[in-house]
Amino acid sequence: GNFLRTLEAFVDISFGIDIALNFFTAYETQVGLVVEQKKIAKHYMASFFFIDLIATFPFEWVIGSLDASQVNGINHASKLTRLPRLMKVLRVARLLKLLRVYRLQKFIREIEFNYNVHQGFSRLLNLVAVILFVTHLVGCLWHAIGVDFDTVKDSNDCSNEDIDLSGATDIVDKGWVCREGLNGYGVDHRYVASLYWAFSTLTTVGYGDISARTIGEQSFSMVMMLLGVSWYAYVVGSMSTIMSSFDRQNKQNRLKMLQVNTFIRETKVPVYLASKIRCFFEYSLSKRKNGLFGYDADELLQELSTALRTEVVTHVERDLIQNIPFFRGKNPTFVANAVQAFQPIVVQSGDFIIKEGTAADEMFFLIDGIAAVYYGGNKFKTIGKGKKS
């Protein structure tokens, strides 16, 4: 239909503008940002230029021009036999436009990295793109199998009446587009019908209102039914994994609190002490969402080089480092190693951090709140945030 042709032209123009802009868009290397126009053009030509060019080539315009020239009798008699072959090649070549899916996945990755989008959202968007791509491809193949290009524009060659399955008829041989009476409609109607069949088959629903009756249709349908079972399992499994990733931190916290409650129940500690234990872990888990105190973060940091690990730690924990006067003027490597060795401790009001006579084998830095030093039962000194004891 006119809408689909307009949309196709708009997308082609957009990709064409994108190709032109890529010749002037700087790119980043390990050395720095490259802004020289000749190097930018050379880099783009050696990377994605030909992929973008093929994906943007206006196959629809070329096919439309050849159709018009064939109808108007412009071709010479010697070229008439070559034209149908060229038309078939161009129709198959339109599948190369699906290379745009690669650009979409690249765009999703860039959004995730540049804007710190949750991995679950990017994976969900990528899964939706893959589902639409596969369904679109299957729908196009189903349409290609069921359409008769010689009668697709002539609604008088097909009948929409019920067909006797006991015998082979010309209508059955012409395919499902002819049987469903869609040959007289535009490409938008036939595309929606093909997409509907692809969705219902790949999701193992298969309503049967668009049925397979020719040998080619039945063979293709059987293959799609077999693949549809695996495809449906893949989609459901991927969706479950993505949904669980959004609640991963809360799931770990709930598991930890379940272990705490089990410990309290089995040890039969007093109620007041059980309350203190629960409050300790609840507060500790809420604070552990920030910073580098998670086990996964420590394991990841150990794989980095010393210089890169120092830079990452000092950046992430910059607020913590600034609040501790002890670290001022110290070597960045020493500060990073010390911060990684920190273990968060949550002390409730009225609890003792350390008592007189305890072996001095630990150092404490007060990150939040205040603490007091008592000697002989009297308050001797008050310690504020950032101080050590």
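To start, this report covers the structure provided alongside it. Quantities reported herein were computed from a predicted structural model and do not represent experimental measurements.

Check the secondary structure of the protein and you find 17 helices and four strands. For the protein, buried positions account for 27% of its 389 residues. For the protein, the exposed area adds up to about 26700 Å²; of that, 60% sits on carbon and sulfur atoms.

Val-138, Trp-142, Trp-176, Trp-197, Ile-210, Phe-220 and Trp-231 are the most contacted members of the largest nonpolar core, which has 19 residues in total. Elements with a contribution of two residues or more to this core: helix 7 (119-146), helix 9 (176-179), helix 10 (187-202) and helix 11 (215-246). Excluding residues that lie within four positions of it along the chain, Trp-142 makes contacts with Trp-176, Ser-194, Trp-197, Ile-210, Ser-211, Ala-212, Glu-217, Phe-220 and Ser-221.

Of note, the phi angle at Lys-268 is positive, near 55°, even though the residue is not glycine. In this fold, Lys-268 is placed in the loop between helix 12 (248-267) and helix 13 (271-287). The exposure class assigned to Lys-268 is exposed, which follows from its relative accessible area of 70%.

Evaluation of the coordinates by the stated rule reveals three salt bridges. With its nearest N and O atoms 3.8 Å apart, the salt bridge here joins Glu-36 to Lys-39. Here Glu-36 falls in the partly exposed class, since its relative accessible area comes to 41%. Here Lys-39 falls in the partly exposed class, since its relative accessible area comes to 46%. Residues Asp-351 and Lys-276 are paired through a salt bridge, measuring 3.4 Å at the closest nitrogen-oxygen approach. In this pair, Asp-351 sits in the loop between helix 17 (332-341) and strand 3 (371-375) while Lys-276 sits in helix 13, placing the two residues 75 residues apart along the sequence. You can call Asp-351 partly exposed: its relative accessible area is 32%. A relative accessible area of 34% means that Lys-276 is categorised as partly exposed.

Looking now at the packing of helix 15 (residues 306-316) against helix 17. At a closest axis distance of 9 Å, the pairing of helix 15 and helix 17 adopts a crossing angle of 70°. In terms of orientation, helix 15 and helix 17 fall into the roughly perpendicular class. Where helix 15 crosses over helix 17, the handedness of that crossing is left-handed. Contact with helix 15, carried on its side by Thr-306, Arg-309, Thr-310, Val-313 and Thr-314, involves Pro-332, Thr-333, Ala-336, Val-339 and Gln-340 of helix 17 and no other residues of that element.

The rules behind the values
- Residues numbered from 1 in each chain as written.
- Predicted model: local features only at pLDDT ≥ 70, side-chain atom pairs only at ≥ 80, totals over all residues.
- Heavy atoms only, no water.
- Helix = DSSP H or I, 4+ residues; strand = E, 2+ residues; numbered from the N terminus.
- Buried < 20%, exposed > 50% of the residue type's maximum accessible area, 1.4 Å probe, protein only.
- Areas by Shrake-Rupley, 256 points an atom, 1.4 Å probe, with all protein chains shown as cover.
- Core = buried A, V, L, I, M, F, W, Y, C linked by side-chain atoms within 4.5 Å.
- Contact = heavy atoms within 4.5 Å.
- Salt bridge = Lys/Arg side-chain N within 4 Å of Asp/Glu carboxyl O.
- Axes fitted to C-alpha atoms, helices over the stretch in contact; angles between N-to-C directions.
- Parallel < 35°, antiparallel > 145°, perpendicular 65-115°, else oblique.
- Left-handed = near helix turned anticlockwise from the far one by under 90°.

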